[in-house]
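Architecture at a glance
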Amino acid sequence: GAVVSQHPSRVICKSGTSVKIECRSLDFQATTMFWYRQFPKKSLMLMATSNEGSKATYEQGVEKDKFLINHASLTLSTLTVTSAHPEDSSFYICSARALAGGKHEQYFGPGTRLTVT
Amino acid sequence: KQEVTQIPAALSVPEGENLVLNCSFTDSAIYNLQWFRQDPGKGLTSLLLIQSSQREQTSGRLNASLDKSSGRSTLYIAASQPGDSATYLCAVDLYNTDKLIFGTGTRLQVFP
């Protein structure tokens, strides 16, 4: 099956610093990737849709200047949390959309646990 | 606005029981519906995907049904095992939006 990786799996940073999270589709090309955020014991909330070669589309309430998304190639999207604050601490999950057998499916990465101290 | 709700929020059962997890959505204009499993602190594993034109999908001990007109899907787990303990999420893929809207999840614990 399709595999999506994320790096790092865990990161701890100090307030005010920036953190970059990578999302890679390992064995397929993904023109569209998605970034989700998950608070403890809550469901996933879509933050933005990342399109290769164009600007990301952000969901309402998500600050695009704070959560910078770059989809530089068909296998890599990055999320940079700029000037991180403790309230940005969360579990960030990416997914990549693939067409398989005539069906669109999303394949999810293992997630990145961000802790801002 | 599409809203996806899952009940129950939590479930604790002895192994061997057959289980039904429920998912309801408010807008029937969906492209497909997926059921996922999430282990604590981990990403998502796709279990079953049902296209809008389908009524059910089966994989091993899992069976998912879809009733678009009533905005409901159920995940049936037969002969539950402790290894089934996880959070189960349903998500709907809306037509022409490329977005997955996730449900609130059901935390399942199966004890020996």
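What comes next is a walk through the structure. What you are looking at is a predicted structure, and each value in this text was computed from that prediction instead of being measured. (Residues numbered from 1 in each chain as written. Chains lettered and ligands numbered in written order. Predicted model: local features only at pLDDT ≥ 70, side-chain atom pairs only at ≥ 80, totals over all residues. Heavy atoms only, no water.)

1. A few points about the side chain of Ser90 of chain A
All names here are of chain A. Here is the rule: Each helix is a run of H or I in the DSSP string that is no shorter than four residues. Each strand is a run of E no shorter than two, and both are numbered from the N terminus. Each residue is placed in one exposure class: buried if its accessible area under a 1.4 Å probe, protein chains only, is under 20% of its type's maximum, exposed if it is over 50%, and partly exposed if it falls in between. For the purposes of these results, a polar contact is taken to be a pair of N or O atoms within 3.5 Å, where, inside protein, one atom must be able to donate a hydrogen and its partner to accept one; residues adjacent in sequence count only when each atom of the pair is a side-chain atom. We call two residues contacting when some pair of their heavy atoms lies within 4.5 Å.
Relative to the helices and strands, Ser90 is located in strand E9 (residues 90–100). Judged by relative accessible area, which is 4%, Ser90 ranks as buried. Among the polar contacts made by the side chain of Ser90, one reaches the main-chain carbonyl oxygen of Gln38 at a distance of 2.9 Å. Not counting residues within four places of it along the chain, the set of residues in contact with Ser90 comprises Arg37, Gln38, Phe39, Thr112, Arg113 and Leu114.

2. Overview of the state of the cysteines
Just so we agree on the cut-off: The disulfide criterion used throughout: a pair of cysteine sulfur atoms within 2.5 Å.
Applying the stated rule across the entire model yields 2 disulfides over all chains. A sulfur-sulfur distance of 2.0 Å marks the disulfide that ties Cys23 of chain A to Cys94 of chain A. The sign of the 80° torsion about the S-S bond sets the Cys23 of chain A-Cys94 of chain A disulfide as right-handed. A residue pair is termed long-range when its members are at least 10 positions apart, and Cys23 of chain A in strand E3 (residues 19–25) and Cys94 of chain A in strand E9 qualify at 71 residues. Of the two residues examined, Cys23 of chain A and Cys94 of chain A, each falls in the buried class. Two residues share a disulfide in this structure: Cys23 of chain B and Cys90 of chain B, whose sulfurs sit 2.0 Å from each other. Handedness here is read from the sign of the S-S torsion; for Cys23 of chain B and Cys90 of chain B, about 75°, the answer is right-handed. Of this pair, Cys23 of chain B sits in strand E3 (residues 19–25) while Cys90 of chain B sits in strand E9 (residues 86–94), and the two are 67 residues apart along the sequence. Like Cys90 of chain B, Cys23 of chain B is buried. Cys13 of chain A takes part in no disulfide bond, and the closest cysteine sulfur, belonging to Cys94 of chain A, lies 18 Å away.

3. Topic: the interface of chain A and chain B
Size of an interface: often given as the accessible area lost when the parts come together. The following threshold applies: Reported buried area values correspond to the accessible surface (1.4 Å probe) lost by two parts on association, with both partners' losses combined. Should a side-chain nitrogen of Lys or Arg be within 4 Å of a carboxyl oxygen of Asp or Glu, the pair is scored as a salt bridge. In this classification, the charged set is Asp, Glu, Lys and Arg, the nonpolar set is Ala, Val, Leu, Ile, Met, Phe, Trp, Tyr, Cys and Pro, and all remaining amino acids, among them Gly, are polar.
The interface of chain A with chain B comprises 20 residues on the first partner and 22 residues on the second. Interface area, chain A with chain B, both sides summed: about 1600 Å², of which 49% is carbon and sulfur. Across the pair Lys99 of chain B and Glu59 of chain A runs a salt bridge whose closest N-O atoms are separated by 3.1 Å. Scanning the region where chain A abuts chain B turns up 4 residue pairs in polar contact (both at pLDDT 80 or more). Put simply, the parts of the chain that give the side of chain A that touches chain B at least two residues each are strand E4 (32–38), strand E5 (44–51), E9 and strand E10 (103–108) of chain A. Classifying every residue of the side of chain A that touches chain B gives 8 nonpolar, 6 polar and 6 charged.

4. Things to note about the sheet that holds strand E1 (residues 4–7) of chain A
All names here are of chain A. Formally: Strand pairing follows a simple DSSP-based rule, namely that at least 2 bridges must link the two strands. For helices, the fitted axis covers only the stretch in contact; all axes are lines through C-alpha atoms, and the angles between them, taken along N-to-C directions, range from 0 to 180 degrees.
Across the sheet, which stays open at both edges, the 4 strands sit in the order E1-E3-E8-E7 with antiparallel pairing between neighbours. Taken across any chain shown, the strands that pair with only one partner, and hence form the sheet edges, are E1 and strand E7 (67–73). The sheet shows a mean angle of 15° between the axes of neighbouring strands, taken without regard to direction. Note: E7 against strand E8 (residues 76–81), 5 bridges, orientation antiparallel. When the bridges of E8 are listed, Ile69 appears paired with Leu79.

5. Comments concerning the sheet that holds E3 of chain B
Residues and elements named next belong to chain B. Reading across the sheet, the 5 strands line up as E1-E3-E8-E7-E6 and stay open at both edges, with antiparallel pairing between neighbours. Edge positions in the sheet fall to strand E1 (4–7) and strand E6 (56–59), since each has one partner strand and no second. Averaged over all pairs of adjacent strands, the angle between strand axes in this sheet comes to 15°, irrespective of strand direction. The pairing of E6 with strand E7 (residues 62–67) spans 4 bridges and is classified as antiparallel. Of the residues in E7, the one forming a bridge with Ser59 is Leu62.

6. Here's the deal with the packing of aromatic side chains
Residues and elements named next belong to chain A. Threshold: Each pair of aromatic rings taken from Phe, Tyr and Trp, with Trp reduced to its six-membered ring, is defined by centres within 6.5 Å and is described as stacked if the planes are under 30 degrees apart, edge-to-face if over 60, and tilted in the remaining cases.
Using the criterion set out here, one finds 7 aromatic pairs over all chains in the structure. Between Tyr36 and Phe108, the ring centres sit 5.6 Å apart and the planes meet at 40°, which makes this aromatic pair tilted. Placement of the pair is Tyr36 in strand E4 and Phe108 in strand E10, with a sequence separation of 72 residues. Residue Tyr36 shares its accessibility class with Phe108, and that shared class is buried.

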